Amino acid sequence: MGYNISGLAINKNYEQDFDKLQEQLGWNLVKQADIDFETASENWTEDEICNVYFTENGTLLFMSMEMCDNSFPLKNDNSFTFILSEGTMAFKVSYSENGELKRYILEDDDGIIDEEGDPLAVEEGAEDTSEVIWAQIEQVIGQRFWDIEPDAKAVQYVFAKAKEPVKQPEPAVA
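These numbers were taken from a predicted model, which means no experiment stands behind them.

**Q** I keep staring at the overall build of the protein and nothing clicks. Help me out?
**A** Regarding its fold elements, the protein presents 3 helices and 9 strands. Walking the protein from its N terminus toward its C terminus, one meets helices and strands in the order β-α-β-α-β-β-β-β-β-β-α-β. By its C-alpha atoms, the protein is 75 × 35 × 35 Å across when sized along the principal axes. Within the span of the protein, comprising 174 residues, buried residues form 44% of the whole. For the protein, the accessible area works out to roughly 10000 Å², and carbon and sulfur atoms hold 44% of it. Charge centroids of the protein, computed over 12 positive and 37 negative side chains, lie 11 Å from each other.

**Q** Teacher, can you tell me more about the sheet that holds strand β2 (residues 29–36) here?
**A** Across a sheet, paired strands are connected by hydrogen bonds in the backbone, their directions being either parallel or antiparallel. What the 9 strands build is an open sheet, ordered β2-β9-β3-β4-β1-β5-β6-β7-β8; its pairing is antiparallel. The open sheet is flanked by β2 and β8 (111–117), the only strands paired with a single partner. Looking at each pair of strands side by side, their axes are set apart by 15° on average, direction ignored. Each of β1 (4–10), β4 (59–62), β5 (78–85), β6 (90–97) and β7 (100–108) touches helix α3 (residues 129–141); the most contacted strand, β5, lies at about 150° to it.

**Q** Would you explain the side chain of Glu123 in this entry?
**A** Tracing the backbone through its elements, the reader meets Glu123 in the loop between β8 and α3. Owing to a relative accessible area of 18%, Glu123 belongs among the buried residues under this scheme. Residue contacts for Glu123: discarding those within four places in its chain leaves Arg103, Ile105, Asp118 and Val132.

**Q** How do you make sense of the packing of aromatic side chains when you look at a structure like this?
**A** Two descriptors summarise a pair of aromatic rings, namely the distance from one centre to the other and the angle between the planes of the rings. The full count for this structure, using the stated rule, is 14 aromatic pairs. Aromatic pair Tyr3 and Trp134: ring centres 5.4 Å apart, planes at 80°, arrangement edge-to-face. One end of the pair, Tyr3, is in the segment before β1; the other, Trp134, is in helix α3, with 131 residues separating them in the sequence. Between the aromatic rings of Phe37 and Tyr53, the centroid separation amounts to 5.0 Å while the plane-to-plane angle is 65°, which identifies the pairing as edge-to-face. Highlighted residues: Phe37 in helix α2 (residues 37–40) and Tyr53 in strand β3 (residues 49–54), separated in sequence by 16 residues. Residue classification places Tyr53 among the buried positions, given a relative accessible area of 8%. The rings of Tyr3, Phe37, Tyr53, Phe62, Trp134, Phe145 and Trp146 are connected pair by pair, giving a single aromatic cluster.

**Q** What am I meant to see in the nonpolar core here?
**A** Taken as a class, soluble globular proteins show a tendency for nonpolar side chains to be buried jointly. In this structure, Phe37, Leu60, Phe80, Ile133 and Ile137 are the most contacted members of the largest nonpolar core, which totals 27 residues. Sorting the residues of this core by element identifies β1, α2, β4, β5, β6 and α3 as the ones contributing at least two each. Ranked by the residues each element gives to this core, the list is headed by α3, at 6 residues. Leave out the neighbours within four places in its chain, and Phe80 touches Gly7, Leu8, Ala9, Val93, Ser94, Tyr95, Ile133, Gln136, Ile137 and Val140.

**Q** When you look at helix α1 (residues 18–25) in this model, what are you seeing that I'm missing?
**A** One turn of an α-helix holds 3.6 residues; hence residues three or four places apart share an orientation. By the burial criterion, the buried members of α1 are Phe18, Leu21, Gln22 and Leu25. Along the axis of α1, the buried residues cluster in a sector spanning 100°; they form a single face. Among the exposed residues of α1, those oriented more than 90 degrees off its buried face are Asp19 and Glu23. In the core, the buried residues of α1 are packed alongside β1, β2, β3, β4 and β9 (153–159). A positive phi of about 75° marks Gly26, the residue just after α1.

**Q** Is there a simple way to explain a negative patch on the surface in this structure?
**A** Side chains of Glu46, Asp47, Glu48, Glu66 and Asp69 sit close together on the surface and give a patch of like negative charge. Among the structural elements, Asp69 can be located in the loop between β4 and β5.

What counts and how
- Residues numbered from 1 in each chain as written.
- Predicted model: local features only at pLDDT ≥ 70, side-chain atom pairs only at ≥ 80, totals over all residues.
- Heavy atoms only, no water.
- Helix = DSSP H or I, 4+ residues; strand = E, 2+ residues; numbered from the N terminus.
- Buried < 20%, exposed > 50% of the residue type's maximum accessible area, 1.4 Å probe, protein only.
- Areas by Shrake-Rupley, 256 points an atom, 1.4 Å probe, with all protein chains shown as cover.
- Lys, Arg positive; Asp, Glu negative; His and termini not counted.
- Charge placed at Lys NZ, Arg CZ, Asp CG, Glu CD.
- Pairing = 2+ DSSP bridges.
- Axes fitted to C-alpha atoms, helices over the stretch in contact; angles between N-to-C directions.
- Contact = heavy atoms within 4.5 Å.
- Phe/Tyr/Trp six-rings, centres within 6.5 Å; stacked < 30°, edge-to-face > 60°.
- Core = buried A, V, L, I, M, F, W, Y, C linked by side-chain atoms within 4.5 Å.
- Arc of directions from axis to C-beta.
- Patch = residues over 30% accessible without salt bridge, like charges linked within 9 Å, V, L, I, M, F, W, Y side chains within 5 Å.
- Salt bridge = Lys/Arg side-chain N within 4 Å of Asp/Glu carboxyl O.

Following this line, the structure appears as structure tokens:
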């Protein structure tokens, strides 16, 4: 079956400044629980969930694949939005530096659908796009994905729903 994960890697640890990150992304996240990395990085993150792991020099967020259809360039950071679905053989790479897109790849089991920018250093010698994704996550967060302990601390958030306007009662008809 393989891995089916998606998310956003950032080259800055936002643990102490998480509100600023949310503001930059235009998100409103509500903390649900402390979890472990194994849970945070499980296959198929649900739509309303955002699991977050902080490295010494980075932040790694796991979200639904639908959410990662968008890219998340950050004005002052390097950001890497990815989709890695070995189940459907679909891959997305979107890497930005200081808000500027540097590399984009969209691929399915038929091959590359769309591609922009110059190849990343991690693409050299990579056998396929999944290898590029694993290597670029490491490049951005400063830690190899496979070296993160399964019981390492992570945090689960949910995307808060926007408040719906209060409906005013219909005026009575006389």
